[in-house]
Amino acid sequence: MENSGEWFFVFFVKGLNYLGLHGQDLFFIVAAFEVFLLLFLGKELFTTKYLFIFFFVFIAYSSVFNNQMNGLRQYVATYLFSLSVLFLIKKRYMLCLFFLVFAAGWHVSAIILPIVLLLFFGLRNVYNKSFLYYILLFSVLFLFIFKEDWLFSFMSLTGFYDQYLTNGYVQEIGAMNKVTKFINLPIIVYSIYKSNKYELNIFSKNMYVVGVCAYCIYLSCLASTIMNRIGMYFTILTCIPVVYLLIYLYRKKSILFWFIVLYLFLIYSLKVTVFASGEYTYKSIFFH
């Protein structure tokens, strides 16, 4: 990894080893670091009063909670990238650059993210429902028309992730599997529909647009296994449209708030029980 450019991660591991910390100690410290970053992000985006909604959405809606210990390096980079987006929208460019470089030092795939940051910065002021629906529709269509040949051509030309070209890791996801990815799409659609009622300040409006764009990129990246690794970077940001919707419904004391909460909880419960696979499989200390 020293030769791959992931020098922050190498420095982190060697520093812990020097202090006599090894093995599971690394996971504990990383988990504590991620909790700190999550608290900071939540407080900056939603204020302390609504952190409980953000934490619920983070666990039940995003895949970060169950994935982050399996993809240790990349999910730390995901938190760091989310912070870089936050500081970009706040126009604190040096901090944005710092966290972006920090992210690349944890996982080399983050080197492609400056392009996304420029996209987010360019679109941040487009708080328009029609536009958000258009990019959402585009991401859905892309998911279905995507051809694996496009990805192989890109990887061959750029050398990006080219180590996966011949080992069978790159696989196009089947049509039925793609349909299952739309299970949360109605919530995003409804969130956009209600977005004019959220009474957001300029910063929050910009972050809302970023959140919807992040969801669209994430959805598009579900077309292939290797693209899904890039989609990981947007999982925290995809929570934003859902959280703002739930905050609005919570303020209005709407029964729909509890319906959406129950819907998300039910989906998550099924993922970790009846349909558990991959990162959602575990042995409970209570029932094992």
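In this report, we go over the structure that sits alongside the text. (Residues numbered from 1 in each chain as written. Predicted model: local features only at pLDDT ≥ 70, side-chain atom pairs only at ≥ 80, totals over all residues. Heavy atoms only, no water.)

### Points about helix 14 (residues 239–251)
Phase 1 of the analysis: The first and last C-alpha atoms of helix 14 sit 18 Å apart over 13 residues, in line with the 18 Å expected at 1.5 Å per residue.
Phase 2 of the analysis: Within helix 14, 11 of the 13 residues are buried, leaving the element largely enclosed by the surrounding structure.
Phase 3 of the analysis: The set of residues buried in helix 14 consists of Cys239, Ile240, Pro241, Val242, Val243, Tyr244, Leu245, Leu246, Ile247, Tyr248 and Leu249.
Phase 4 of the analysis: On its buried face, helix 14 sits against helix 2 (24–46), helix 3 (51–60), helix 11 (185–193), helix 12 (202–221) and helix 15 (255–272).
Phase 5 of the analysis: Of the residues flanking the end of helix 14, it is Lys253, one or two places downstream, whose phi is positive at about 55°. (Helix = DSSP H or I, 4+ residues; strand = E, 2+ residues; numbered from the N terminus. Expected span 1.5 Å × (residues − 1). Buried < 20%, exposed > 50% of the residue type's maximum accessible area, 1.4 Å probe, protein only. Contact = heavy atoms within 4.5 Å.)

### Some points on the side chain of Ser139
Phase 1 of the analysis: On the secondary structure map, Ser139 appears in helix 8 (residues 129–145).
Phase 2 of the analysis: Of note is the side chain of Ser139, whose polar atom sits 2.7 Å from the backbone oxygen of Leu136. (Polar contact = N/O pair within 3.5 Å; in protein donor to acceptor, adjacent residues only side chain to side chain.)

### Brief notes about a nonpolar patch on the surface
Phase 1 of the analysis: A cluster of nonpolar residues, Trp7, Met94, Leu97 and Val101, forms a patch on the protein surface that exposes about 430 Å² of accessible area.
Phase 2 of the analysis: With 3 residues, helix 6 (residues 93–106) is the largest single contributor of residues to the nonpolar patch.
Phase 3 of the analysis: On the secondary structure map, Val101 appears in helix 6.
Phase 4 of the analysis: Looking at Val101, the relative accessible area reads 37%, which means it is partly exposed. (Patch = residues over 30% accessible without salt bridge, like charges linked within 9 Å, V, L, I, M, F, W, Y side chains within 5 Å. Areas by Shrake-Rupley, 256 points an atom, 1.4 Å probe, with all protein chains shown as cover. Salt bridge = Lys/Arg side-chain N within 4 Å of Asp/Glu carboxyl O.)

### Looking at the pattern of salt bridges
Phase 1 of the analysis: What the rule picks out here adds up to 1 salt bridge.
Phase 2 of the analysis: When the shortest N-O distance is used, the salt bridge between Glu44 and Lys90 registers 3.3 Å. With Glu44 in helix 2 and Lys90 in the loop between helix 5 (72–89) and helix 6, this pair connects stretches of sequence that are 46 residues apart.

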